Amino acid sequence: MIPLVRLTAFLAAVAVASPTVGGAANAVIPAQWKNCTQVNKKYPHGLGKVGARDKTSGVPVTTFKRSTRLYGIAMSYNRGLDRDKDAIACEKL
């Protein structure tokens, strides 16, 4: 049987190491995915899924980096990067 003091210390350590309720909102976002300024440093025209089309009333961006894998990683950290939900994050001409 585990002594109560050791059990309490273990549970306290787990609570500190575990994400809080709403974990994604409180998780640390890597600098690369923090905002569109950061994304556009590496991908000047944005980053999108293969086959994605820019949703715009003007000239659509077609020169964005196409990578479904990288787009998925970016969205896992910061869904706000693709505000118009067209599968292209941080697109610009």
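Residues numbered from 1 in each chain as written. Predicted model: local features only at pLDDT ≥ 70, side-chain atom pairs only at ≥ 80, totals over all residues. Heavy atoms only, no water.

Help me understand the sheet that holds strand 2 (residues 65–66), please; the structure alone is not making it clear to me.
What holds strands together in a sheet is hydrogen bonding between their backbones, with the strands either parallel or antiparallel. Read across the open sheet, the 3 strands follow the order 2-1-3; overall the sheet is mixed. Two strands lie at the open edges of the sheet, namely strand 2 and strand 3 (88–89), each paired on one side alone. In terms of strand pairing, strand 1 (residues 47–48) meets strand 2 through 2 bridges, oriented parallel. Counterpart to glycine 48 in the pairing with strand 2 is arginine 66. (Pairing = 2+ DSSP bridges. Helix = DSSP H or I, 4+ residues; strand = E, 2+ residues; numbered from the N terminus.)

What should I look at first to understand the nonpolar core in this one?
Nonpolar side chains in soluble globular proteins generally cluster together in the buried interior. Of all hydrophobic cores here, the largest spans 16 residues; its most connected members are Trp33 and Leu81. For this core, the leading source of residues is helix 4 (residues 68–77), giving 4 residues. If near-sequence neighbours (up to four positions away) are discounted, tryptophan 33 is found in contact with Val39, Tyr43, Leu47, Leu70, Ile73, Ala74, Tyr77, Asn78 and Leu81. (Core = buried A, V, L, I, M, F, W, Y, C linked by side-chain atoms within 4.5 Å. Buried < 20%, exposed > 50% of the residue type's maximum accessible area, 1.4 Å probe, protein only. Contact = heavy atoms within 4.5 Å.)

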